[in-house]
Amino acid sequence: MKMLSKKLTFLVVFCVFTSSISFSQKLITKEEISTNKVAEIFKNAYIEVLSVQDSYLKVKDVFTAFIDIDADKRFISISGNYSFQPNTPKNQILELINKINREVIMVKCYYKESNNSINYVYYYWVEGGFTDTSLIKAYKLYNTALRLSLKKDTNQIIQ
């Protein structure tokens, strides 16, 4: 009975150890970051990659977003730009942007007066390395923040 117990214990420990190795994520270092690598991560997560450029890519899941890699590879920014309804008073736009920035702390938004739009930005720090899963979770967090901000837009001035 003791021999069976030892074999069973060994088998359980072996299985746990083996599964932890096979399911662990590789840390992607600063040197490995490229738009092609990031595009591969999004494709593997079944997120549509619309275009890949040298310094950024465009993806779409719930919302379309631009994924920019910092020149020094310290962070990846996730951003999007959405127009306001034409003829919306500037004070109403600024009130909404201030409300979003106060109440939806996961992203920052800015008013681009030149094209009457709101720009959302989320900075995901990668300087010490990151995993595929952590990047996709950051992107999902960005999408959640956009959904929350649209709920704040009770006058529906964002198109």
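Conventions adopted
- Residues numbered from 1 in each chain as written.
- Predicted model: local features only at pLDDT ≥ 70, side-chain atom pairs only at ≥ 80, totals over all residues.
- Heavy atoms only, no water.
- Salt bridge = Lys/Arg side-chain N within 4 Å of Asp/Glu carboxyl O.
- Helix = DSSP H or I, 4+ residues; strand = E, 2+ residues; numbered from the N terminus.
- Buried < 20%, exposed > 50% of the residue type's maximum accessible area, 1.4 Å probe, protein only.
- Patch = residues over 30% accessible without salt bridge, like charges linked within 9 Å, V, L, I, M, F, W, Y side chains within 5 Å.
- Areas by Shrake-Rupley, 256 points an atom, 1.4 Å probe, with all protein chains shown as cover.
- Contact = heavy atoms within 4.5 Å.
- Expected span 1.5 Å × (residues − 1).

1. Quick notes on the pattern of salt bridges
- The full count for this structure, using the stated rule, is six salt bridges.
- The partner of Lys152 in a salt bridge is Glu103, with the nearest N and O atoms 2.9 Å apart. Pair noted here: Lys152 is in helix H4 (residues 132-152) and Glu103 is in helix H3 (residues 90-103), with a separation of 49 residues, a long-range link.
- Judged by its relative accessible area of 24%, Lys152 falls in the partly exposed class.
- A relative accessible area of 41% means that Glu103 is categorised as partly exposed.
- Via salt bridges that share partners, Asp70, Asp72 and Arg74 belong to a single interconnected network.

2. Looking at a nonpolar patch on the surface
- Taken together, the side chains of Tyr110, Tyr123 and Trp125 define a hydrophobic patch exposed on the protein surface, amounting to about 360 Å² of accessible area.
- Take Tyr110: it is sitting in strand S5 (residues 108-112).
- On the basis of relative accessible area, Tyr110 is assigned to the partly exposed category, the value being 41%.

3. Section: the side chain of Ser79
- Along the chain, Ser79 falls in strand S4 (residues 75-83).
- In this structure, Ser79 is in contact with Ala65, Phe66, Asp68, Asn119, Tyr120, Val121 and Tyr142, ignoring residues within four places of it in sequence.

4. Here we look at unusual backbone geometry
- Here the phi dihedral of Lys73 falls at roughly 55 degrees; this positive angle occurs in a residue that is not glycine.
- Mapping Lys73 onto the fold places it in the loop between strand S3 (64-69) and S4.
- Accessibility expressed as a relative area gives 26% for Lys73, which makes it partly exposed.
- Residues other than glycine seldom take positive phi values, yet Asn87 does so here, at roughly 65 degrees.
- Mapped onto the fold, Asn87 is located in the loop between S4 and H3.
- Relative accessible area serves as the criterion here: at 78%, Asn87 is assigned to the exposed category.

5. Focus on H4
- The terminal C-alpha atoms of H4 lie 31 Å apart, and with 21 residues this matches the ideal 30 Å at 1.5 Å per residue to within 8%.
- Looking only at H4, the buried set comprises Leu135, Ile136, Ala138, Tyr139, Tyr142, Asn143, Ala145, Leu146 and Ser149.
- Of the surrounding elements, those touching the buried residues of H4 are helix H2 (35-44), strand S2 (56-60), S3, S4, H3 and strand S6 (117-125).

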